[in-house]
Structure formats: structure tokens, C-alpha cells
Amino acid sequence: MTDWLSQTPRSARDYLDGHRLDEVECIVSDLPGIARGKAMPASKFARQRNFFMPSSIFLQTITGDWADDIIPEGSTEPDMILTPDYATASAAPWTADWTLQVIHDMHLQSGAPVPFAPRNVLKRVIAAYHARGWTPVVAPEMEFYLVARNVDPAQKIAPMTGRSGRAAAARQAYSMSAVDEYGDVIDDIYDFAEAQGFEIDGITQEGGAGQLEINLRHGDPVKLADEIFYFKRLIREAALRHDCFATFMAKPIEGEPGSSMHIHHSVLDAEGCNIFTDATGAETPAFRTFIGGLQHHLPSAVALLAPYVNSYRRYVREFAAPVNLEWGRDNRTVGLRVPISDPDARRIENRIAGMDCNPYLGIAASLACGYLGMIEAREPRAERTDTAYGADGDIPRGLFDALGVFRANESLQDLLDPEFGKVYAAVKEAEHSEYLQAISPWEREHLLISV
């Protein structure tokens, strides 16, 4: 075993036990959350300390087009320096040979972290917490759909066919029979996750046809974001093995609920105690001001939590997606829910983020809003104990508006990094312009010969 393998997690070494490592995938997350990088023979990986990739990958849109170049010296496409984070080494059990994936840290040639790299943005927010003696803890929930293979963008997305031969049905939340319909896919998800060393807290059927939710254990935000980054790939690979697709679109099927990435937050002090609870078990000012920060700053962060034009189709009143930033205890009609828990596990659930967001950026944005609330001592509005679906919408309802609010919030920009904010907005504005050039079936149906 080479020296670098001794630095990898136990799960990676167990996966290779008795086998020769063939290939290593050197990967990073781009702005949409797509894995970019290069694959190489394991023998070559062992001989290299650093790898290189052009910074221009962060100007690429989800369609593969490019935003205007606003990266310093970007016209020459200078290389970034990629350094493997061996703690992230993880199996790729769906490949034909014995392969490990390794997430890499990204630095400029000056040695500074690449400011627009999503993993670095999250680390920057966590560093702000650490500077005040705090440690943020998150627990994400991942919702997604298993759908029939769809190779024609003009065709509507349809639910997958289960083992009974019938299409997956909607309105079967928490049904074990519904989960059994696609048990073979779930079995592969479990097997892949075990090979990669990931712990799944639970899988449930959600309200949509073929919609599932996977809950992850609470922990370090970077580690959990890494896991979601990996999970999206492994779930897609498990689905392909069974002639279906897994989609993380916020709203893939008309008339069905959208897919969210609920984020649970708590914060620990230097002694490891939850700062949302005092010695008597009561709620603290930090608990209240974290909520206040989410209420005040989340509208500016929606461009990160809902990054595509499709994202805003999820925000439908009374359709399992709160469009408000009200808060309440054990109340699923509010955007900010406080789940039932013991005092030492007191936490706040942000229900606004969509599953289509980049996990690093979604978690970073949510933590940033809570952090700003605590240092600005922002008190929340009164708790909602009733149904809040009728509350005024607090969030932008379209990507163009969301980007405008994002650009205007200087406090959020400073915390995430102003250079990141410029690049992110430029890429999203380019995507929005591309979208405006597409003519939808609705327009052809209702406008072609009627206007």
C-alpha cells in the first residue's frame, strides 16, 4: 500500500482490500455542482503531488456555454493548483475496475484559495464561525425522483415503472409498499453508500410519484456537503443500472411536489455545547437571532438556494413548499421550522433550499444568513402557530429578481467573498439569457395562432 492510501478513510481501504487500485478520479465541484476533473492510472496519481485545471471552469454554465470572462487574467485561462484531500477518498463501486474518487482543494498560483470554488466558499463561512469560537453543525435531507428514462427533451418526464409493472404513484408519502416498488434501486444505493463509507439515517417515500428522501446524520458542514456531492452521482449510477433516471431537478414533473434540500442547523461552543440552549434547557438569544438572520438575509441568498429557472416552479403555495420565511415549532407550513427535539439537540430547519442547488453553496448560504443574524443581533418576527401558507411571500419568485437581491446584499457578499459573488452572478445571468432564447410548448400552444 502506497503512503497516500494510508491517509485515506478506512472505507476506501476496505473497498480495495485484496485488490489492486486501477484508477483515481481527481475531482472538484463547479458552480452547478457537477464533478469536473481528470481520471488517471493509480500509479501516476501516486507520483504526483499537485494537479492543474483552468480557472475558466467556473465560468461554464449548466448548458456548457460560457459567461463573460470576469476572472482576473481569465482570458489566458491560467491554471489553478489542485491538491488532493485524501480524507475524501471514496470508492466508485459502479465502475468496471477498482477506482477511487478524491476531491481536491483548489488554490491560485499565489497560494490563496480560489475564491469562487464552492468548497472554498463553504470553508470561508465556517472559518467565520470558528473565529468566534463556534462550530456549525448541519444535517441535510435529500429529495429526488426516480423517473422513466427520458432521452427526448420535448417529452414530459414520467414516473418510473416499478417491479409490479405499474408506474410509480403519487400521494403515497411514507408508504413502505411504494418504496418496495423500486427496491432494487434502493438496494444499490445502500450498497454503493456502504462501499463509500456513508451513513444513511433513513430513506422514505415522499409525496410525489417516485419521489424519495434520504436523510443524513448531522455533522461537519464540509463533510456533509462532500457526501451530498458524492451521493448525487451514486444515486444516478444506481438508477441507470435499473433502466431509469434519478433527477434532482427542483420541479421535474408537472402537478407533483418539488424536491428540496432541507438543512438542519445547530451551533456548538468551544466546549461542544449547543449555543441554542442555555443551562436550564431554555432557548437562548443566539437561537432567536439565528432565526432573525435567516428571515432577514435569506431573500438575498435565494439565488444560491434556487439556482435555475426551474427552481421557482417549486415555490407553489400549499404544495409542500413554503414560500414564506415565517418560523414555528413543529410546523411544516413555515419556511423555518424548529423540529421536536431534546434541548441539547435544538436546531433550526431551513426548508427553502431546493435539491438542485450546489450543496456547498446551499449550506454556505444558509449558515451565512444565520451567522449574520447572530452578530447583528436580529430578532425574529413572532412565531407562527397557525398555518402559514397564506403568509406574504418573502422570497424572490424568479431567478432574475433573485440575482438582483443577491448582488445588493453587501454583508452576505463580504462573508461569502465578493469575487465569488461576481462570478456566480455572471454565470447565472448568462444562463438566464440562454433560457430566454428557448420557446416553450406552452407558448407554442397558446400563442402561436391566438395573439
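Before any of the text, the structure's been laid out above.
What counts and how
- Residues numbered from 1 in each chain as written.
- Predicted model: local features only at pLDDT ≥ 70, side-chain atom pairs only at ≥ 80, totals over all residues.
- Heavy atoms only, no water.
- Buried < 20%, exposed > 50% of the residue type's maximum accessible area, 1.4 Å probe, protein only.
- Helix = DSSP H or I, 4+ residues; strand = E, 2+ residues; numbered from the N terminus.
- Pairing = 2+ DSSP bridges.
- Contact = heavy atoms within 4.5 Å.
- Patch = residues over 30% accessible without salt bridge, like charges linked within 9 Å, V, L, I, M, F, W, Y side chains within 5 Å.
- Areas by Shrake-Rupley, 256 points an atom, 1.4 Å probe, with all protein chains shown as cover.
- Salt bridge = Lys/Arg side-chain N within 4 Å of Asp/Glu carboxyl O.
- Core = buried A, V, L, I, M, F, W, Y, C linked by side-chain atoms within 4.5 Å.
- Axes fitted to C-alpha atoms, helices over the stretch in contact; angles between N-to-C directions.
- Parallel < 35°, antiparallel > 145°, perpendicular 65-115°, else oblique.
- Left-handed = near helix turned anticlockwise from the far one by under 90°.

Section: the pairing of strand 7 (residues 135-148)
Summarising burial for strand 7: 12 of the 14 residues are buried, a large majority. Taken together, the six bridges between strand 7 and strand 11 (residues 263-268) define a ladder with antiparallel strand orientation. Note on strand 11: the bridge partner recorded for Pro140 is Ile263. Across five bridges, the pairing between strand 7 and strand 9 (residues 211-216) is antiparallel.

A look at the environment of Ile34
Considering the arrangement of structural elements, one finds Ile34 in the loop between strand 1 (23-29) and strand 2 (35-41). On the basis of relative accessibility, which here comes to 31%, the residue Ile34 falls in the partly exposed class. As a C-alpha pair, Ile34 and Gly210 span 176 residues in sequence and 23 Å in three-dimensional space. Setting aside residues up to four positions removed in sequence, Ile34 forms contacts with Val28, Ser29, Ile62 and Phe229.

Points about a nonpolar patch on the surface
A cluster of nonpolar side chains, Trp442, Leu447 and Val451, forms an exposed patch at the surface whose accessible area comes to about 360 Å². With respect to the secondary-structure elements, Trp442 resides in helix 12 (residues 441-447).

So, the nonpolar core
The tendency in soluble globular proteins is for nonpolar side chains to be buried as a group. Phe58, Leu416 and Phe420 are the most contacted members of the largest nonpolar core, which has 129 residues in total. Look past the residues within four positions of Phe420 in its chain and what remains in contact with it is Leu31, Pro115, Phe116, Val121, Leu304, Leu361 and Phe406.

A few points about the packing of helix 3 (residues 118-131) against helix 8 (residues 359-376)
Where helix 3 meets helix 8, the axes come as close as 9 Å, and the angle between the chain directions of the two elements is 25°. As judged from the angle between their axes, helix 3 and helix 8 are roughly parallel. Crossing of helix 3 over helix 8 shows left-handed handedness. Contacts between helix 3 and helix 8 involve Pro118, Arg119, Val121, Leu122, Val125, Ala128 and Tyr129 from the first element and Tyr360, Leu361, Ile363, Ala364, Leu367, Ala368, Gly370, Tyr371 and Met374 from the second.

Points about the pattern of salt bridges
Tallying each qualifying case throughout the model produces 28 salt bridges. For the salt bridge of Lys223 with Glu227, the shortest nitrogen-to-oxygen distance reads 2.7 Å. You can see Lys223 and its partner Glu227 sitting in helix 6 (residues 221-240), four residues apart, about one turn around the helix. Its relative accessible area of 46% is what places Lys223 among the partly exposed residues. Through salt bridges with shared partners, a single network forms among Asp85, Asp105, Arg119, Lys123 and Asp226.

Some details on the pairing of strand 11
Most of strand 11 is tucked away: five of the six residues are buried. Relative to strand 14 (residues 348-350), strand 11 runs antiparallel, the two sharing three bridges. Considered in strand 14, the bridge of His264 is made with Glu349.

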